[in-house]
Amino acid sequence: MKPLVAGNWKMHFDRAGARALAGDLMRSLPAPLEAAEVAVFPPFTSLAEVAAALSGGDVTLGAQNFHPEDSGAFTGEVSLPMLLDVGVTRVLAGHSERRHVLLEDDAFVNRKVLAALKHDLLPILCVGEKLEEREAGKTAAVVERQVRAGLKGVPPERAGDVTLAYEPVWAIGTGLNATPKQAAEVHAQIRKLLVDLWKEGGRGVRILYGGSVKPENSRELLKTPEVNGLLVGGASLKADSFVRIVRAAG
Ligand code: 13P
């Protein structure tokens, strides 16, 4: 399976900054992209600009957030039809910042996953434990709950459209990545859950690692069993470091 390297730009860049970064990626990444798939997730206000800057290339466009309803009285929200309209093909669901800062629960994350699939958008379901949960020995229980709840009602024939991302909350933006051993343990657990849910179909689902991924640790993380790609925050904000991470994938 080809690794996927995804850059989550979070709440960074105005339109000019986003366009500049997308342009730098277009110039610096190998074309065609052979060894890896690459996706970027700019803020809403820059999606159309980045879509234009990426057109004709292999880097695909993702959105960081959306509301599961198609339209309606949801002030401040953005729907999947709106995202499709600007060229988005992937979406994040269950990112730790949405779970823990914006208080989205498992049931809402599940609605988002199902809604994305309904529109043929490819969801990346993010899961991961907080530091106190790891220290209390609850990592496996938290990850199992988030995976099972997030994927509830997704039929096995849609397994190929789903990506998982293990992002331990304590590793996000802290400079402290999970060790390959820690990542391997949780990724193996997620693989088992996917196979339990979807049988053979669960074996082909990518499981990304995210949390303080940098050019310096990306190669080792990508060599870790069951790590099928990376979800990159801070290091995706500069073309140079993101391109080095993509090159590490192949
Ligand atoms: P950092 O790479 O900045 O730790 O962020 C990870 C992340 O949250 C990607 O979604």
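Conventions and cut-offs
- Residues numbered from 1 in each chain as written.
- Predicted model: local features only at pLDDT ≥ 70, side-chain atom pairs only at ≥ 80, totals over all residues.
- Heavy atoms only, no water.
- 1 Å grid on protein atoms, 1.4 Å probe; cavity = no way out; pocket = protein on both sides within 12 Å on 5 of 7 lines; lining within 4 Å.
- Points joined across faces, edges and corners; volume = space filled by probe spheres on them.
- Helix = DSSP H or I, 4+ residues; strand = E, 2+ residues; numbered from the N terminus.
- Nonpolar A, V, L, I, M, F, W, Y, C, P; charged D, E, K, R; others polar.
- Buried < 20%, exposed > 50% of the residue type's maximum accessible area, 1.4 Å probe, protein only.
- Polar contact = N/O pair within 3.5 Å; in protein donor to acceptor, adjacent residues only side chain to side chain.
- Contact = heavy atoms within 4.5 Å.
- Near = heavy atom within 4 Å.
- Areas by Shrake-Rupley, 256 points an atom, 1.4 Å probe, with all protein chains shown as cover.
- Sits in = over half its atoms within 2 Å of the grid points.
- Pairing = 2+ DSSP bridges.
- Right-handed = clockwise from strand over helix to strand, strands pointing away.

Caption draft 1: Fine view of empty space enclosed by the protein. Tallied over the full model, the rule gives one cavity of 30 Å³ or more. Of the pockets and cavities examined, the largest cavity occupies roughly 40 Å³. Considering the residues around the largest cavity, the lining is formed by G94, S96, R99, H100, C126, V127, G128, Q146, E167 and V169. Elements with a minimum of two residues in the lining of the largest cavity: α4 (96-100) and β5 (122-127). Ranked by the residues each element gives to the lining of the largest cavity, the list is headed by α4, at three residues. Broken down by class, the residue content of the lining of the largest cavity amounts to three nonpolar, five polar and two charged.

Caption draft 2: Representation of the layout of surface pockets within the structure. Roughly 380 Å³ of internal volume is contained in the largest pocket. What lines the largest pocket is a set of 13 residues, and nearest its centre among them are K10, M11, Q64, N65 and R98. Estimated volume of the second largest pocket: approximately 210 Å³. Taken together, 17 residues line the second largest pocket, and the ones lying closest to its centre are K10, G173, S212, G233 and G234. Class assignment of the residues belonging to the lining of the second largest pocket gives a composition of six nonpolar, nine polar and two charged.

Caption draft 3: Seen up close, the side chain of R206. Mapping R206 onto the fold places it in strand β7 (residues 206-210). For R206, a relative accessible area of 12% puts it in the buried group. One polar contact links the side chain of R206 to the main-chain carbonyl oxygen of K2, over a distance of 2.6 Å. When residues no more than four places from it in sequence are discounted, the contact partners of R206 are M1, K2, P3, L4, E37, R90, V162, T163, L164 and N228.

Caption draft 4: Representation of the site of the ligand within the structure. The immediate surroundings of the ligand are formed by N8, K10, H95, E167, A171, I172, G173, G211, S212, L231, G233 and G234. Protein burial of the ligand: of its 300 Å² of free accessible surface, 95% is covered by the chains. When atoms are counted within 2 Å of each cavity's grid points, the one that captures over half of the ligand is the second largest pocket. The class makeup of the residues in the shell around the ligand is three nonpolar, seven polar and two charged.

Caption draft 5: Here's a closer look at the environment of V38. Take V38: it is sitting in strand β2 (residues 37-41). According to the relative accessible area criterion, V38 is buried, its value standing at 1%. Between the C-alpha atom of V38 and that of L61, which follows or precedes it by 23 residues, the distance is 8.9 Å. In contact with V38, other than residues within four places in its own chain, are L4, V5, L29, L33, D58, V59, T60, F242 and V246.

Caption draft 6: Summary view of the pairing of β2. Most of β2 is tucked away: four of the five residues are buried. Bridge analysis of strand β1 (residues 4-8) against β2 gives five bridges, and the strand direction is parallel. Bridge pairing in β2 links L4 to E37. Regarding topology, helix α1 (residues 15-28) serves as the crossover connection from β1 to the parallel β2, and that connection is right-handed. As paired elements, β2 and strand β3 (residues 60-63) share two bridges and run parallel to each other. Pairing of A39 across the sheet is with T60, part of β3.

So, to be careful, I would describe these as geometric facts and stop short of saying anything about function.
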